[in-house]
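The lines below spell out each chain.
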Amino acid sequence: MPKALITGITGQDGSYLAEFLLRQGYDVVGMVRRTSTINFHRLMHIQDKITLVNGDLLDQISLIHILEEHRHDEIYNLAAQSFVQTSWTQPVFTGEVTALGVTRLLDAVRIVNPQIRFYQASSSEMFGKVREVPQKETTPFYPRSPYGVAKVYGHWITVNYRESYNLHAVSGILFNHESPRRGLEFVTRKITHHVAKIKLGLAHELRLGNLDSRRDWGFAGDYVDAMWRMLQRDDPADYVVATGETHSVQDFLEEAFGYVNLDWRDYVVQDPRFMRPAEVDLLVGDASKAGRELGWEPRVTFAELVRMMVDADTKMVEDGGTPM
Ligand code: NAP
Ligand code: F7E
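Definitions and cut-offs
Residues numbered from 1 in each chain as written. Chains lettered and ligands numbered in written order. Predicted model: local features only at pLDDT ≥ 70, side-chain atom pairs only at ≥ 80, totals over all residues. Heavy atoms only, no water. Pairing = 2+ DSSP bridges. Helix = DSSP H or I, 4+ residues; strand = E, 2+ residues; numbered from the N terminus. Axes fitted to C-alpha atoms, helices over the stretch in contact; angles between N-to-C directions. Contact = heavy atoms within 4.5 Å. Near = heavy atom within 4 Å. Polar contact = N/O pair within 3.5 Å; in protein donor to acceptor, adjacent residues only side chain to side chain. Areas by Shrake-Rupley, 256 points an atom, 1.4 Å probe, with all protein chains shown as cover. Nonpolar A, V, L, I, M, F, W, Y, C, P; charged D, E, K, R; others polar. Domains from an automatic or database assignment. Salt bridge = Lys/Arg side-chain N within 4 Å of Asp/Glu carboxyl O. Buried < 20%, exposed > 50% of the residue type's maximum accessible area, 1.4 Å probe, protein only. Phe/Tyr/Trp six-rings, centres within 6.5 Å; stacked < 30°, edge-to-face > 60°. Lys NZ or Arg CZ within 6 Å of the ring centre and 35° of its normal.

Student: Go over the sheet that holds strand β3 (residues 51-54) with me, naming the residues and quoting the values.
Tutor: Taking strand neighbours across the sheet as the criterion, the seven strands line up as β3-β2-β1-β4-β5-β6-β11 in an open arrangement whose pairing is parallel. Looking at the sheet topology across the chains shown, the edges are occupied by β3 and β11 (239-241). Going from strand to strand, the sheet's axes swing by 25° on average, the running direction of each strand aside. Examined bridge by bridge, strand β1 (residues 3-7) and strand β4 (residues 74-77) share four bridges and lie parallel to one another. Within the sheet, the bridge partner assigned to Ala4 lies in β4 and is Glu74. Here helix α1 (residues 12-23) sits on the sheet in contact with β1, β2 (27-32) and β4, set at roughly 170° to β1. Helix α4 (residues 91-112) rests against β1, β4, β5 (117-123) and β6 (168-174) of the sheet, and its axis sits at about 170° to β5.

Written out as structure tokens, the structure is:
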């Protein structure tokens, strides 16, 4: 039975990846950091099938101990301070976790067992002020946020450890991917959660920032499959994972409100608090290399994704449940 470590297992992608690896017959170990309250709500349905261990990307000793004790075949490094807006108010912390955290983990791999295959969660945010459209593996980076800068560091240190120490270390440059498990602060989930509350009479407005920015939005459940495929190849390489379609925040609003027969213009208020000091205006990825070499392609369309999220939030709000 292959054994995998997932850092960031309590997050959106971590929970989908854990489910995916369990289906593939893996022994799944998830690293969780110590918190005063338990935040395993995305994992509750599989908690008895996985092993959770304590560790933190800020503490390299904890990483070394975990790798020594569990002897993994594969590591998926999904842990990060992943919210772009927060990276302007906590730039140093973001750098410690999202940038230097990658080095701590890579170096633990080098020390404990250089045979471990390593996946780094790189991001389309690295393309920032885009140098070409669509963006592919060879497109130069121009990050526009402390988060994007930290991810560029994480990306290149992964390439560097592959080239310096011959590690099987790969970087997946994933474009935005969403789901009913997306954090409530990200724009897609913020919209679908408000749509559900407005429809049920529990909210009356939705305050947002820039409605013109465009993103290539896919479904998280599809994207974790691409992560796994990257580590199954004997020849480590980096891949863009994207749908190839781009939509504005306003398109998302139209689709989500329209689905429940409401007009978004009656509810949305633009609020400068949600504007960013520097914006990524347009992202759209070219995932043809992943299609060719990994046999990967997205399954869920933009409209299906929006509807899946609105349906899940409507059910959750109706049931008075805890957000995933
Ligand atoms: P997420 O929901 O924000 O999850 C982030 C995870 O990282 C959480 O489990 C969090 O733990 C953990 N974490 C944060 N700081 C940590 C630390 N110091 N030590 C250990 N764990 C820590 O993010 P996601 O959307 O699943 O994304 C997964 C990864 O892909 C991230 O690296 C993100 O930057 C990257 N990415 C995401 C997208 C996207 O569209 N979703 C696109 C490209 C790249 P707590 O639960 O304790 O906070
Ligand atoms: O913003 C605009 C905002 O926070 C998307 C992370 O997973 O994907 C994610 O980063 C767009 C931006 O995601 C609001 O200005 C308008 O243009 O949902 P977001 P993101 O910044 O693209 C990348 C690939 C990652 O790697 C990251 O980890 O929506 N926007 N009004 C807003 N955004 C938010 N959050 N809230 C608003 O009220």
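Student: Give me the lowdown on the site of ligand 2, citing residues and values where you can.
Tutor: Near ligand 2 there are 22 residues, and of these Ser123, Tyr147, Ser213, Arg276 and Glu279 occur at the shortest range. Between Asn176 and ligand 2, the recorded distance is 2.9 Å, taken from a side-chain N or O atom to an oxygen atom. In isolation ligand 2 offers 690 Å² of accessible surface; the protein chains occlude 96% of this area. Of all the elements in the fold, those that place two or more residues in the shell around ligand 2 are α6 (187-199) and β8 (206-208). Taken together, the residues that form the shell around ligand 2 break down as eight nonpolar, seven polar and seven charged. Here the shell around ligand 2 spans two domains, and each of domain 1 (3-177 + 217-241) and domain 2 (184-215 + 245-283 + 300-319) adds at least three residues to it.

Student: Run through the pattern of salt bridges, naming residues and quoting values.
Tutor: Under the criterion given, the structure shown has 19 salt bridges. Ionic pairing is found between Arg189 and Asp313, a salt bridge with its closest N-O pair at 2.8 Å. In this pair, Arg189 sits in helix α6 while Asp313 sits in helix α10 (residues 302-319), placing the two residues 124 residues apart along the sequence. Judged by relative accessible area, which is 1%, Arg189 ranks as buried. The residue Lys315 makes a salt bridge to Asp319 at a minimum N-O spacing of 2.9 Å.

Student: For the environment of Arg42, give the residues involved together with the corresponding values.
Tutor: The topology assignment puts Arg42 in the loop between β2 and β3. Taking the C-alpha atoms as reference points, Arg42 and Glu293, separated by 251 residues in sequence, lie 31 Å from one another. A polar side-chain atom of Arg42 sits 2.9 Å from the main-chain carbonyl oxygen of Thr10.

Student: Before we move on, could you go through the site of ligand 1 and cite the residues and values that matter?
Tutor: Neighbouring residues of ligand 1: 25 residues in total, closest Thr10, Arg33, Asp56, Ser82 and Tyr147. With respect to ligand 1, the side chain of Tyr147 contributes an N or O atom lying 2.6 Å from an oxygen atom. Separating an oxygen atom of ligand 1 from a side-chain N or O atom of Lys151 is a distance of 2.9 Å. Here ligand 1, which alone exposes 900 Å², has 90% of that area covered by the protein. Of all the secondary-structure elements, those providing two or more residues to the shell around ligand 1 are α1, β5 and α5 (146-165). With three residues, the top contributor of residues to the shell around ligand 1 is β5.

Student: Would you mind going over the packing of aromatic side chains in detail, with residue names and values included?
Tutor: Taken as a whole, this structure holds 13 aromatic pairs when the rule is applied. Where Phe127 meets Phe141, the ring centres are 5.5 Å apart and the plane angle is 45°; that geometry is what we call tilted. Of this pair, Phe127 sits in the loop between β5 and α5 while Phe141 is found in the loop between β5 and α5, placing the two residues 14 residues apart along the sequence. Of the two residues examined, Phe127 and Phe141, each falls in the buried class. Cluster of aromatic residues (ring-pair linked, three or more members): Phe127, Phe141, Trp156 and Phe175. Lying over the aromatic face of Tyr16, Arg181 brings its terminal NZ or CZ to 4.1 Å of the ring centre. Sitting above the plane of the Phe186 ring, Arg182 keeps its charged end 3.9 Å from the centroid.

Student: Which residues make up the pairing of β4, and what are the values?
Tutor: The side-chain alternation of β4 yields two buried faces, one formed by Glu74 and Tyr76 and the other by Ile75 and Asn77. Bridge analysis of β4 against β5 gives four bridges, and the strand direction is parallel. What sits directly across from Asn77, in β5, is Gln120.

Function-wise, these values are silent; they only describe arrangement.
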